[in-house]
Amino acid sequence: MTRVVAIPVELEGYLDELVRLLRAVAELDAVYLVGSAAQCAYEHGRSDVDVIAVTARPPSQAEKEALASAAESLPCPARKLELVVYA
């Protein structure tokens, strides 16, 4: 089942830029917003941002480090970013 929800306005630009940065360092098949933001329960200032990125193939160690650096380079407007990458 696919469910489409409205992205919290406080996260829109951040998520667009996060996806752009991640795609610059790895071949991504998909990026999913999960957790409270995907369940319409996001509370700005209290909630974190949960993101799952799916890569086309297992990332190399250099790509893993580049993904982490890309995510860390962008100030998160929420409490924190929780990024999980699956091949």
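Residues numbered from 1 in each chain as written. Predicted model: local features only at pLDDT ≥ 70, side-chain atom pairs only at ≥ 80, totals over all residues. Heavy atoms only, no water.

Draft legend 1. Molecular detail of the nonpolar core. Core analysis: the largest hydrophobic core is formed by 18 residues, its most contacted members being Leu 11, Tyr 14, Leu 15, Leu 18, Leu 22 and Val 49. Secondary structure elements with two or more residues in this core: helix H1 (12-25), strand E2 (49-55) and helix H2 (61-72). Those residues in contact with Tyr 14 that lie beyond four places of it in its chain are Val 49, Leu 74, Pro 75, Cys 76, Pro 77 and Leu 81. (Core = buried A, V, L, I, M, F, W, Y, C linked by side-chain atoms within 4.5 Å. Buried < 20%, exposed > 50% of the residue type's maximum accessible area, 1.4 Å probe, protein only. Helix = DSSP H or I, 4+ residues; strand = E, 2+ residues; numbered from the N terminus. Contact = heavy atoms within 4.5 Å.)

Draft legend 2. How the structure looks around the sheet that holds E2. With mixed pairing, three strands are arranged side by side in an open sheet as E1-E2-E3. Both edges of this open sheet fall to strand E1 (28-34) and strand E3 (81-86), since each of them pairs with a single strand only. Pairwise comparison of adjacent strand axes, ignoring direction, gives a mean angle of 20° for this sheet. Bridge analysis of E2 against E3 gives six bridges, and the strand direction is parallel. In the strand pairing of E3, Asp 50 is matched with Glu 82. (Pairing = 2+ DSSP bridges. Axes fitted to C-alpha atoms, helices over the stretch in contact; angles between N-to-C directions.)

Draft legend 3. Region of the structure containing H1. Along its 14 residues, H1 runs 21 Å from first to last C-alpha, staying within 8% of the 20 Å computed at 1.5 Å per residue. The set of residues buried in H1 consists of Tyr 14, Leu 15, Leu 18, Leu 21 and Leu 22. Viewed along the axis of H1, the buried residues span an arc of 130°, placing them on a single side of the element. H1 presents Asp 16, Arg 23 and Ala 24 as exposed residues on the side facing more than 90 degrees away from its buried surface. (Expected span 1.5 Å × (residues − 1). Arc of directions from axis to C-beta.)

Draft legend 4. Looking closely at the packing of H1 against H2. Relative orientation of the contacting elements H1 and H2 amounts to 160°, with a least axis distance of 9 Å. Classified by the angle their axes make, H1 and H2 are roughly antiparallel. Considering only the axes of H1 and H2, their crossing is right-handed. Residue-level contacts link Leu 18, Leu 21, Leu 22 and Val 25 of H1 to Glu 63, Ala 66, Leu 67, Ala 70 and Ala 71 of H2. (Parallel < 35°, antiparallel > 145°, perpendicular 65-115°, else oblique. Left-handed = near helix turned anticlockwise from the far one by under 90°.)

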